Amino acid sequence: MTQALYSRTRSTETEPVEKAGGGGGGGAAMRVIVPLQGVVQGRGGLVLGSIIPCALFYFLQFYLKRHRKGTDDQSNSNSSGQNPTARSELPGLRRNLSRGLPSPRSPRGPVSVSGRVNWIMKGADSPYYVGLRRATEDPYDELSNPNGVIQLGLAENKLSLDLVKHWLAENAEQSILRKGKELSISRIATYQPFDGLMELKVAVAGFMSQVMEKAVSFNPLQVVLTAGATPAIEILSFCLADAGNAFLVPTPYYPSLDRDIKWRTGVEIIHVPCRSAGNFNLSIAALDRAFDQAKKRGLKVRGILISNPSNPVGNLLSRDTLYSLLDFAREKNIHIVSNELLAGSTHGNEEFMSMAELLHLDDLDRKRVHIVYGLSKDLSLTGFRVGVIYSHNEEVLAAAKKLARFSSISAPTQCLLISMLSDAKFVQTLISISRERLQRMYAQFVAGLKKLGIECIKSSGGFYCWADMSGLIRSYSEKGELELWDKLLNIGKVNVTPGSSCHCIEPGWFGFCLTTLTEKDIPIVMDRIQKVSETCKLNR
Amino acid sequence: MRLVVPLQGVVQGRGGLIFGSLIPCALFYFLQLYLKRHRSPNSQSNPPSPSASTQNLAEMSRTSSRSNLLSRGSIGPVRISSLATSICKPNESPYYIGLDKASEDPYDRIGNPDGVIQLGLSENRLCFDLIEKWMLENLNDSIRGREGGDLSISGIASYQPLDGTMELKMAMAGFLSRIMGGAVSFEPSQIVLTAGATPAIETLCFCLADHGNAFLVPTPYYPGFDRDMRWRTGVELIPVHCRSTDNFVLSISALDQAFNQTRKHGTKIRGILLSNPANPVGNLLSREMLCDLLDFAREKNIHIISDEIFAGSIYGNEEFVSIADVVDSEDFDKSRVHIVYGLSKDLSLPGFRVGMIYSFNENVLAAARKLTRFSSISAPTQRLLVSMLSDTRFIEEYMVTNKKRIRNMRDLFVAGLEGLGIRCADSSAGLYCWADMSKLIPSYGEKGELELWDKLLNVAKINMTPGSACHCIEPGWFRCCFTTLDKEDIPVVMERIRKVADTRTSRS
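On a predicted model such as this, the values are computed, not experimentally measured, just so you know.

Rules used in this analysis
- Note that residues are indexed from 1 along each chain, following the sequence as it is written.
- To label them, take the chains in the order written and letter them from A, then take the ligands in the order written and number them from 1.
- Only residues with pLDDT of at least 70 get local features here, since the model is predicted, and only at 80 or more are side-chain atom pairs given and counted; chain-wide, interface and lining totals rely on the full set of residues.
- Computation of side-chain values: all heavy atoms of the structure, hydrogens and water removed.
- Put simply, DSSP H or I for four residues or longer makes a helix, DSSP E for two residues or longer makes a strand, and each gets a number counted from the N terminus.
- Note on definitions: a residue-residue contact is assigned when non-hydrogen atoms from the two residues lie within 4.5 Å.
- Areas reported here follow the Shrake-Rupley algorithm with a probe of radius 1.4 Å; residue values treat only the protein chains shown as occluding.
- The definition of a nonpolar core used throughout is a set of buried Ala, Val, Leu, Ile, Met, Phe, Trp, Tyr and Cys residues joined through side-chain atoms within 4.5 Å.
- When accessible area is computed with a 1.4 Å probe and restricted to protein chains, residues below 20% of their type maximum are described as buried, those above 50% as exposed, and intermediate ones as partly exposed.
- Whether two strands pair depends on DSSP finding at least two bridges between them.
- Angles here are taken between N-to-C directions and fall from 0 to 180 degrees, while the axes themselves are lines fitted to C-alpha atoms, restricted in helices to the stretch in contact.
- Any two cysteine sulfur atoms within 2.5 Å of one another count as a disulfide.
- Think of a patch as exposed residues, more than 30% relative accessible area, with no salt bridge, where like charges cluster within 9 Å and nonpolar side chains (Val, Leu, Ile, Met, Phe, Trp, Tyr) cluster within 5 Å.
- Salt bridges are defined as contacts in which a side-chain nitrogen from Lys or Arg sits within 4 Å of a carboxyl oxygen from Asp or Glu.
- Note on ring pairs: Phe, Tyr and Trp rings are taken, using the six-membered ring of Trp, and paired if centres are within 6.5 Å. Classes follow the plane angle, with under 30 degrees stacked, over 60 edge-to-face and the rest tilted.
- By definition here, charges over rings are those cases where NZ of Lys or CZ of Arg is within 6 Å of the ring centre and within 35 degrees of the ring normal.

Participant: Give a detailed account of the overall build of chain A, specifying residues and quantitative values.
Facilitator: When its secondary structure is counted, chain A shows 19 helices and 15 strands. For chain A, contacts bridging at least 24 residues in sequence account for 72% of all contacts bridging at least 6. Of the accessible surface of chain A, which amounts to about 22,700 Å², a share of 54% is contributed by carbon and sulfur atoms.

Quick look at the structure:
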C-alpha cells in the first residue's frame, strides 16, 4: 500500500515539470491532478487540500524510514515509532514459522541461539586477536622457550610489578580481613553497593588526581566503579546512545573498542581518520566531515569517544584541541567520552591535561562530558578488573549505578585496593618509578627501531610505539601490511598490532607495546625485526 | 478567509501544485518535528520552557534546515539514551524501596534498636564464623600463591582469561557436584565464570534471545529478574502463574497456555527460566516435572535456563534434583539446557561476586566466553576461591553446619509466624519462607497487600518482599529471609508483626 502511495506522490511531484516541458504526456498524468484540484476548488477545499498532500508526504517519510531500518537489521532499534509497523508485518511470517515448528515426534535440528550471538561469532577474529592468541599459546621465555613468540600486542604494564608484589606480600591479609584493627568478615562477604564501596571511590578519586598531578580534584560522589574499563565504556554507551545511534571515534583507535561498544549495545562507530601528516592529531574539520556524512547516512550521532593519551599512537590532546572539541560537542549537542586510562603513563615532557580540567564551565557543558579511567594501566593491575566512570551528569550516573549490577568488583579486591591506594607513600613511589622505567624503555626501544631505519611517531604517553614500517611492505595497502604482520609473527616470532586492526587509514603502521618487556629483551626483539626486514628488502 | 487565499491563489496559478502541496506538507512536517522535540525533553527531568521551543520553531521555519538549527546551539541539555532515561529514575518497585530503606536505617540490637529489620535480602549470615576462621588461617597463602615467586604475582596482576581461570573452574565443578550430593559431575570446560549470577543470567539472555523475544517465567519469581533479563537485552518476561492451591508448583498446562497466548500476540518465545529451588517459594522441582519441562522445551524447540543458585541451601528431607542430572541420565537434547549458579547463597559470599554459566551448547559457551569481557572476576578473588573450594575438609564441614543452621532458623521463624496465625507455603530450600498474610491485608488485592507492606516497613520497621513484587497472582503473600537474623532477633520480629496484626484485628 505504501508502495502505491509512494509512486503517486512521486508522480504528483514530477507532473508539473513535464507539463512545463511540453504538454504532450499531460493526458495520462491529468488523472492524478484532478482529485486534488477538484477538491481544492470545492467546499472544504482547504482542509482536504492540505490533508491529502500531507498524508502522502507522511507516508513517503514513513516508507523511507522503514526502508532504511530494514537494511541495518542488527541494530534492533527500540524507537517506539517503528514498533507498530514491525508488529503488523509479522503475523503472516509467524504463522508460517509456527507451521514449520516440529511436532513432538519429529525433533527438528538444534535449538537456535540469538541473532546477536550469531553476529558476534560470525566476525572472524582480527589479526589483533589472532596474534594475541598465538603469543599466549607459545610465549617467549628466555630460558624455557627461547623460540617462542614475543608479546608486543597486549597493552599490559609489567614494568613495576615487583613493587606491587612487595606491597601485596606485606599487606594483603591485613587489608582484606581487617578494618583498622578489628576483624570484619562481613565487609567482604555480604552484599555491597554494586557501584563500589564509598571508601574505594574516595581512594580512587584521590589516586586519579594524584596521577594527574593534582591539577584536578575528583568528587567521589560522581564516581561509578565497574569490573574493568571495558564494562565502563560499554555502560556509558548503553547510557548515552540507543541501538542504531553512532559515536565518532578518531582512528587509529585500540582494536577491542569495536567489541566494547558495538556488540551488545548496537551502537555504531563512525571513523574520524587522523593522518601521519598531522602527527595523527585530531582535526575538527575531519570531525565535522564525519559528522555530516553520518547524518547523511541517517545515523544519529550521540557523541565523540576520544582516548587521551591516545591509544595506540600515544600523543596527548592539547588544551586547544580539548576546547575546540568541547565547542564542537556543544554546537552539535552531543556527548564526549574521554578515555583517560593512560593518564599516569606519560613518558614525554609534554603535560597531560584531563578533560575534567575544563569542567568548571557552565552546567550544560559539564553534563556532556564523561571520563573513563581504570587501574589496569597506571597501577598495572589488569587482573584486578577495576574501571571508573566519572561524570557530572546525574542521570547518567544514576543509570550507570544501576547497570553496575552487571559488572561489579569483588569485595576482597576492593578492600585490598582501599589500603593500597590510601598508602600515599607507596602510590607516590609507584607512580614515579614506573614513569621513570617507562621513559627509559621507550627511549631504548625507539632508538633500537631507529637503528633499523624504522621511525616512530613522537609520542608522550602510553605503552606503545607507533612505528612507520611502510618502507618494508610489499604493496602499499592493507594487504601488504598484513603480509608483513604475518611475517613478523610467523618468521620473526614477534606479535605486533597492525595499523589496520586499529582502523588506521594509512597502511604500514604498527603498534609495539613495550611494557611487557625487560630491558634485556630489547636486543632480541630488534634482532628478530631486523631479520624480517632483511627478507623484505631481499624480496623487493 | 485570509488563510485560504494564498493556498487557493497558488493552486490555481502556475506551479500551483507544488506550492499547494509543499506548504501544508512543510507545516505538517514542522509540527511533527516540534512535537517530537517537545516530547523528548519532557521525559527527562528538566523540560525547556515552552517559550524557548516556540522560538526555535520560528527560527526553524525561516531557515528550514535542521543542521542550521543545531549549529545555533543552546537547545537544552544533551540527550541520554532511552534506556538510561527509563532507569535513572528512583526505584518504584517495593522490593527495592524496602531494600534501600533497610540499608539506610539498619536494625542493630544495641546500636539501633528502632532500625528497620531486613527480611528482604536473601543473604546468608549464619556461617560467617566458619568463613572467618578459614580466611584467617589461609588468606595469606592463597593470595600470594603457595610457591611464592614471580609466577604468582603476574597471576594476579596481569591479564587472566576473562571467563575465569581453569583452576577456579575445576574447583567450582568439584564444589558443585559435592553440593548436589555427588549425583552429577560437571565438566570444567563447560563452565563460564562471571562477576556474579546476575551477569550470568544477563549474558545467557543475550546469547539466547534477541530484542523483543520472550522467556516464560513461572511466578512468583525473584524480583531481580525484571532487571537482569530485561533492561539491556530488550527481552520480555511472560509470567506463568502458579497458585497456592497447588503449593505454587508449576503446571505444564499453564505453561502451554502462556506459550500459545504469547505467540498469538506475535512475540517469539525463546525459552523458559526456572529457579530450582524456587525463589521465593522455596519448593523443588521433581524429577518428573523436569522431564516434562524438557519434553515441553523439545516440542516447542526452546531453551531452558535453570537458576540453581540455592542448590546447596536445602533444609527439607526432599532431595534436590539438578536438571544436569536429568539430562545426564536420560536421553534428552542437552544443547537447550543452561544452568546458572553462584557462590552468593550456598557459600554466603555475595560480596565476592562469583557466578557461573554451565551449558551443553558449544555456541552459547563460545559466545558467553566472549561476553565475559564485560563482567569478569577479579584475579585475587579467584585465587582465594581456588584454595577455599579445594579445601574439601572445610567445604564438607561448612555445608553440614550451614544446612543445620538454616534448618534451625527456619523452624524457629516458621513456628513464630504460626504463633501469629500466619501459615507458610511448604518448602524445602532457600534462605526464606513464603508466608500467607492475606488475613492481615485490609482489602484482598494488590492495593491491600501494598498497604500492609507499607505498614510493616514504616510502622513495624520490618522490610519484607510483597508477593506483587514477585508477580504473584494471589495477593497477601510475603517473602521473609531469615538468614540475616540472629536467633535473638526472632522474638523482636514476631513482636513487631504482632503489633501490625493487632491494629488490623482491632479495627475490623
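Having seen the model, we can carry on.
Participant: Kindly report on the nonpolar core, identifying the contributing residues and their values.
Facilitator: Judged by nonpolar contacts, the single largest core of 282 residues is most densely connected at Leu248(A), Met135(B), Met172(B), Leu216(B), Leu293(B), Phe413(B) and Met437(B). At nine residues, the largest contribution of residues to this core is made by helix α17 (residues 392-419) of chain B. Beyond its immediate sequence surroundings of up to four residues, Leu216(B) is in contact with Ile238(B), Val240(B), Leu255(B), Ala258(B), Phe259(B), Thr262(B), Ile269(B), Gly271(B), Ile272(B), Leu273(B) and Phe296(B). Core analysis: the second largest hydrophobic core is formed by 40 residues, Tyr140(A), Ala467(A), Leu489(A) and Val496(A) among them.

Participant: Pulling in residues and values, what's your account of the sheet that holds strand β8 (residues 355-359) of chain B?
Facilitator: All names here are of chain B. Strand order in the open sheet made by the seven strands is β2-β8-β7-β6-β5-β3-β4, with mixed pairing throughout. In the strand order of this sheet, the two ends are held by β2 (191-194) and β4 (236-241), each with one partner. For this sheet the average axis-to-axis angle between neighbouring strands, irrespective of direction, equals 25 degrees. As paired strands, strand β3 (residues 214-219) and strand β5 (residues 269-275) are joined by three bridges and run parallel to one another. What sits directly across from Ala214, in β5, is Ile269. Along the sheet face, helix α12 (residues 252-264) touches β3, β4 and β5 and points at about 140 degrees away from the line of β4.

Participant: Can you break down the side chain of Ser375(B) residue by residue, with the values?
Facilitator: Mapped onto the elements of the fold, Ser375(B) is located in the loop between α15 (362-371) and α16 (379-390). Residue Ser375(B) is classed as buried on the basis of its relative accessible area of 4%.

Participant: For α15(B), give the residues involved together with the corresponding values.
Facilitator: Three or four residues apart is the spacing at which side chains of an α-helix point the same way, because the helix has 3.6 residues per turn. Buried within α15(B) are the following residues: Val364(B), Leu365(B), Ala367(B), Ala368(B), Lys370(B) and Leu371(B). Tucked inside the fold, the buried residues of α15(B) contact α5 (115-122) and α11 (257-265) of chain A together with β2, α10 (197-208), β7 (337-342) and β8 of chain B.

Participant: How would you sum up the pairing of strand β9 (residues 369-374) of chain A? Please name residues and give values.
Facilitator: Residues and elements named next belong to chain A. Where burial is concerned, most of β9 is hidden: six out of the six residues are buried. Every second residue of β9 is oriented toward a common face, with Val369, Ile371 and Tyr373 on one face and His370, Val372 and Gly374 on the other, all of them buried. In the sheet, strand β8 (residues 335-339) pairs with β9 via four bridges, with the strands oriented parallel. Bridge assignment links Asn339 to a residue of β9, and that residue is Val372. Sheet topology places β9 next to strand β10 (residues 387-391); five bridges connect them, and they run antiparallel. Each bridged residue has a counterpart across the sheet, and for Ile371 the counterpart in β10 is Tyr390.

Participant: Which residues make up the state of the cysteines, and what are the values?
Facilitator: As used here, a disulfide is simply a covalent bond connecting the sulfur atoms of two cysteines. Applying the stated rule across the entire model yields zero disulfides over all chains. In this model Cys242(B) remains outside any disulfide bridge; the closest cysteine sulfur is found in Cys472(B), 9.0 Å from its own.

Participant: Explain a nonpolar patch on the surface to me, and be specific about the residues and the numbers.
Facilitator: Residues and elements named next belong to chain A. The grouping of Met198, Val202 and Leu221 at the surface amounts to a nonpolar patch, some 280 Å² of accessible area in total. By the element assignment, Leu221 lies in the loop between α9 (198-211) and β4 (223-226). Residue Leu221 is classed as exposed on the basis of its relative accessible area, which comes to 57%.

Participant: Which residues make up the packing of aromatic side chains, and what values go with them?
Facilitator: The full count for this structure, using the stated rule, is 22 aromatic pairs over all chains. Each ring, one from Tyr128(A) and one from Tyr129(A), has its centre 4.9 Å from the other, and the planes form 80 degrees; the classification is edge-to-face. Relative to Phe426(A), the ring of Trp167(A) lies with its centre 5.8 Å away and its plane at 35 degrees, an arrangement referred to as tilted. Remark: Phe426(A) occurs in helix α17 (residues 424-451) and Trp167(A) occurs in helix α7 (residues 161-177); sequence separation between them is 259 residues. Comparing Trp167(A) with Phe426(A), the two get one shared label, buried. Here a set of aromatic residues connected by ring pairs shows up, and it is made of Tyr95(B), Tyr96(B), Tyr221(B), Tyr222(B) and Phe225(B). Here the guanidinium or amino end of Arg405(A) rests over the ring plane of Phe406(A), the centre of that ring lying 6.0 Å away. Its guanidinium or amino end placed over the ring of Tyr96(B), Arg227(B) lies 3.4 Å from that ring's centre, counting from NZ or CZ.

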